[in-house]
Amino acid sequence: MHTPILSLSEVSFSYFTETEQTPAVSHLNLSILPGEFAAIVGPSGCGKTSVLSLIMGLLRPQAGTITFADPNLRIGYMLQRDHLLEWRTVEKNVLLGLEVQHRKTERTRANALRLLDAYGLGAFKAYYPQQLSGGMRQKVALIRTLALEPDLLLLDEPFSALDYQTRLQLSDEVYRIIREQKKTAILVTHDISEAVSMADRVLVFSKRPSHVKTVIETGFSAALSPLERRHVPEFLPLYDRVWKEIDR
């Protein structure tokens with residue numbers, strides 16, 4: 001049996017203002033296995049992004065524990081917006097995280113450029129972000145994150161700013177890249193189809209203050225792309241199960 005790469009045990013967190021306390025997460029328990037692709041869904045405002053911030057260390061729980069299998073675990077965080085710097089080329093944007101972390105070496109630079117080549121952006125490394133499509137910009141953001149060689153990827157609605165067709169195409173590409181790179185990933189999304197088609201397990205959160213209400217194993221072969229999964233007979237029943245859990 002594999003040891004979880006990440007475990008949250010009885011985690012609670014609230015936001016405070018001068019006049020009130022707003023509980024976001026209450027007695028949350030979850031674990032993520034190495035190499036797993038997990039998706040978190042739930043009602044709007046249930047604290048999904050707060051959980052990613054807690055895992056990342058941007059927020060600290062008021063109660064409970066967050067445990068990593070390796071204390072030196074590297075985490076990559078991909079946000080809803082690409083946050084590319086418009087005055088830097090694609091290559092320089094991809095190298096930005098390495099520069100900020102003082103980890104830019106010949107090896108890490110070569111690895112970042114190899115990722116650009118491997119995933120169809122090598123010919124665009126001298127381009128500026130405004131010359132790219134929305135989907136290409138998000139791929140640059142993903143490669144910038146992968147260049148940091150993370151063990152765990154946190155994906156916070158990374159396709160939400162894109163049109164529907166681009167979302168479908170990019171979810172396929174991101175899934176393929178994550179599988180090829182053998183990364184562990186947690187995706188937060190409002191899109192049930194996206195969650196079911198990409199994840200090994202879907203974690204359904206309750207209303208705020210959230211906890212894990214239900215865990216649904218998708219059972220798809222890892223060889224099937226998200227787009228292919230949307231067309232197999234098992235997809236609609238899984239979608240309905242997740243929808244009903246969120247709705248009730």
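Residues numbered from 1 in each chain as written. Predicted model: local features only at pLDDT ≥ 70, side-chain atom pairs only at ≥ 80, totals over all residues. Heavy atoms only, no water.

## Quick notes on the environment of V11
Then, number 1: Its place among the elements puts V11 in strand β1 (residues 6-16).
Then, number 2: Among the residues examined, V11 registers a relative accessible area of 0% and is labelled buried.
Then, number 3: C-alpha of V11 to C-alpha of H27: the two residues are 16 residues apart in sequence and 4.9 Å apart in space.
Then, number 4: With sequence-adjacent residues up to four places away left out, V11 is seen in contact with V25, S26, H27, L28, L54, P61, A63, G64, T65 and I66. (Helix = DSSP H or I, 4+ residues; strand = E, 2+ residues; numbered from the N terminus. Buried < 20%, exposed > 50% of the residue type's maximum accessible area, 1.4 Å probe, protein only. Contact = heavy atoms within 4.5 Å.)

## A word on helix α4 (residues 106-118)
Then, number 1: Between the first and last C-alpha of α4 there are 18 Å, a value that for 13 residues agrees with the 18 Å anticipated at 1.5 Å per step.
Then, number 2: Buried within α4 we find T108, N111, A112, L113, L115 and L116.
Then, number 3: Lining the buried residues of α4 we find α2 (90-94), α3 (96-100) and α5 (134-146).
Then, number 4: One or two positions beyond α4, positive phi appears at G120, with a value near 80°. (Expected span 1.5 Å × (residues − 1).)

## Topic: the side chain of E157
Then, number 1: Relative to the elements of secondary structure, E157 occurs in the loop between β6 (152-156) and α6 (164-180).
Then, number 2: There is no salt bridge for the buried E157, and the closest opposite charge comes from R167, which lies 5.8 Å off by N-O distance.
Then, number 3: Among the polar contacts listed, one links the side chain of E157 to the side chain of H190, at a separation of 2.9 Å. (Lys, Arg positive; Asp, Glu negative; His and termini not counted. Salt bridge = Lys/Arg side-chain N within 4 Å of Asp/Glu carboxyl O. Polar contact = N/O pair within 3.5 Å; in protein donor to acceptor, adjacent residues only side chain to side chain.)

## Observations regarding the packing of aromatic side chains
Then, number 1: Going through the model one piece at a time under the given rule, you end up with 4 aromatic pairs.
Then, number 2: Between F13 and Y15, the aromatic rings sit 4.8 Å apart at their centres with planes inclined by 85°, giving edge-to-face as the arrangement.
Then, number 3: The class for Y15 is partly exposed, based on a relative accessible area of 35%. (Phe/Tyr/Trp six-rings, centres within 6.5 Å; stacked < 30°, edge-to-face > 60°.)

## Considerations on unusual backbone geometry
Then, number 1: Residues R208 and P209 are joined by a peptide bond in cis, for which omega reads -5°.
Then, number 2: Structurally, the position occupied by P209 is in the loop between β8 (201-205) and β9 (212-217).
Then, number 3: Not every positive phi belongs to a glycine, and E10 is a case in point at roughly 55°.
Then, number 4: Assignment of secondary structure puts E10 in strand β1.

## Focus: the sheet that holds strand β3 (residues 37-41)
Then, number 1: Across the sheet, which stays open at both edges, the 6 strands sit in the order β5-β6-β7-β3-β8-β9 with mixed pairing between neighbours. Only two strands of the sheet have a single partner each, and these edge strands are β5 (75-78) and β9. The sheet shows a mean angle of 20° between the axes of neighbouring strands, taken without regard to direction.
Then, number 2: Relative to β8, β3 runs parallel, the two being bridged by 4 bridges. If you follow I40 over to β8, its bridge partner there is L203. (Pairing = 2+ DSSP bridges. Axes fitted to C-alpha atoms, helices over the stretch in contact; angles between N-to-C directions.)

## Comments concerning the sheet that holds β1
Then, number 1: Strands sit in the order β2-β1-β4 across an open sheet of 3 strands; the sheet is antiparallel. In this open sheet, the two edge strands, each paired with only one partner strand, are β2 (21-32) and β4 (63-68). Sheet twist, expressed as the mean angle between neighbouring strand axes with direction ignored, is 25°.
Then, number 2: Relative to β2, β1 runs antiparallel, the two sharing 8 bridges. Residue pairing for β2: F13 is matched across the bridge by V25.
Then, number 3: Lying over the sheet, helix α1 (residues 48-56) contacts β1, β2 and β4, oriented at roughly 115° with respect to β1.

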